[in-house]
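A closer look at the structure
Each chain is listed here by its residues.
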Amino acid sequence: MNSSTTVRTARRRTLRVAAAALTAAAALTLTACSGSDAAGAKPANHSDTAKASVESSGAGSSAGVQGSDAQASAGAKADAKTKADVKTGAAGKQPGGAHAAAAKAASPVRTQRLADGISKAEIYQLGDQHYRAKIVARGSVLATMETKGHDDGLDANDMFVTLTLDGQVHSWMGGGHQGPGTFKLAGGWTAKVTKVGELRYRAQIIGHDGVAATLETNQHDVGLDANGINIVLSSGGVISAHE
């Protein structure tokens, strides 16, 4: 080989080496860039993933809180409705005894014709040994009698009526004595009538053993069942008895 040929060959080799070097350098640069991008992308991915996780967790927590609030609100409403229903039901209920007593007081246990042939007594039971009698004539209530721990009596224009603790009504016409004074009564009783005030009289009912009972008016007629003898003392001092 001559010298020119040797020089050309050397130049070609140099160019090839340089090209190879450039190719390697480019490959290294690309590799470095790729690694840098990968390295940069990886933290970004972690950050995005964490952010997405936090956001997802936050959304889930928010939804859970909202769901809990909704359930609590629904539960509170249900409790309020239940209490309201219970209250309404309780308000609507009344003891059975009150209903029975009201029904008993609303209608008479019986009606009884009186001695004058015109009037009648409507007898109501209000409780144990507690009775009321309405004296009715031609659709009008003329008087009301009631037992409150004792018998009651009435002078209705010379018709005398008694109402006893057991709800019995007795009536008779006439036989009155105007007090004050001492009078013999049916059944062997004696009545000593005294005036103690305006429309206020007292009658001592005397038997074989002395005073057995005392009647006293206070602007209201009174009555008594004395061993089967019915006695009425009026607020005007008239006393009458009937067996």
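Throughout what follows, the structure given in this document is the object of discussion. (Residues numbered from 1 in each chain as written. Predicted model: local features only at pLDDT ≥ 70, side-chain atom pairs only at ≥ 80, totals over all residues. Heavy atoms only, no water.)

1. Here we look at the sheet that holds strand β1 (residues 110–113)
Sheet strands pair via backbone hydrogen bonds, and the direction of the pair is either parallel or antiparallel. Threshold: A pair of strands is considered paired only if DSSP assigns at least 2 bridges between the two. Runs of H or I in DSSP of at least four residues are treated as helices and runs of E of at least two as strands, each being numbered from the N terminus. To obtain an axis, a line is fitted to C-alpha atoms, over the contacting stretch when the element is a helix, and the angle between two such axes runs from 0 to 180 degrees between their N-to-C directions.
Here we have 4 strands laid out as an open sheet, ordered β1-β2-β3-β4, and antiparallel in their pairing. Either end of the sheet is taken by a strand with one partner, and the two such strands are β1 and β4 (140–146). Across the sheet, the axes of successive neighbouring strands diverge by a mean angle of 25°, strand direction being ignored. As paired elements, strand β2 (residues 120–127) and strand β3 (residues 130–137) share 7 bridges and run antiparallel to each other. Looking across to β3, one finds that A121 is bridged to I135.

2. Observations concerning the pattern of salt bridges
Where charged atoms from two side chains of opposite charge come close, those side chains can pair. Put simply, the test is: The salt bridge definition used is simple: a Lys or Arg side-chain nitrogen within 4 Å of an Asp or Glu carboxyl oxygen. Buried, partly exposed and exposed residues are distinguished by accessible area as a fraction of the type maximum, computed with a 1.4 Å probe on protein chains only: under 20%, between the cut-offs, and over 50%, respectively.
Counted by the stated rule, this structure contains 3 salt bridges. Residues R200 and E216 are paired through a salt bridge, measuring 2.8 Å at the closest nitrogen-oxygen approach. Taken as a pair, R200 in strand β11 (residues 200–207) and E216 in strand β12 (residues 210–216) lie far apart in primary sequence, 16 residues in all. Ionic pairing is found between R202 and E216, a salt bridge with its closest N-O pair at 2.8 Å. Separated by 14 residues along the polypeptide, R202 in strand β11 and E216 in strand β12 bring together distant segments of the chain. In this structure R202 comes out as partly exposed when scored by relative accessible area, which is 31%. For E216, a relative accessible area of 28% puts it in the partly exposed group. Counted as one network, the salt bridges with shared partners bring together R200, R202 and E216.

3. Thoughts on the side chain of T190
Just so we agree on the cut-off: In protein, a polar contact means a hydrogen-donor-capable atom and an acceptor-capable atom, both N or O and within 3.5 Å, with residues adjacent in sequence counting only if both atoms are side-chain atoms; elsewhere, any N or O pair within 3.5 Å suffices. Throughout, a contact is declared for two residues whenever any of their heavy atoms are within 4.5 Å.
Looking at where T190 falls in the secondary structure, it is placed in strand β10 (residues 190–197). The buried category is assigned to T190, whose relative accessible area is 13%. Of note is the side chain of T190, whose polar atom sits 3.4 Å from the side chain of K184. Sequence-distant contacts of T190, that is, excluding residues within four places in its chain, are made with T182, F183, K184, Q204, I205 and I206.

4. Let's talk about the nonpolar core
The condition that has to hold: By nonpolar core we mean a set of buried residues, namely Ala, Val, Leu, Ile, Met, Phe, Trp, Tyr and Cys, connected to one another through side-chain atoms within 4.5 Å.
With 17 residues, the main nonpolar core has L185, V193, I205, L215, I231, L233 and I239 as its most contacted residues. Contributing elements (two or more residues each) for this core: β10, β11, β13 (222–226), β14 (229–233) and β15 (238–242). Apart from residues lying up to four places away in sequence, I231 is in contact with T162, W172, L185, I205, L215, V222, G223, L224, A226, I239, S240 and A241. Grouped together as the second largest cluster of nonpolar side chains are 13 residues, I135, A143, M145 and V169 included.

5. Remarks on unusual backbone geometry
With an omega of 0°, the peptide bond between G179 and P180 qualifies as cis. Counting through the fold element by element, P180 comes out in the loop between β8 (177–178) and β9 (181–184). One non-glycine residue with positive phi stands out, namely Q129, at about 55°. Inspection of the secondary structure assignment puts Q129 in the loop between β2 and β3. When its relative accessible area of 48% is taken as the criterion, Q129 is described as partly exposed. The phi angle at L199 is positive, at roughly 55°, despite the residue not being glycine. With respect to the secondary-structure elements, L199 resides in the loop between β10 and β11.

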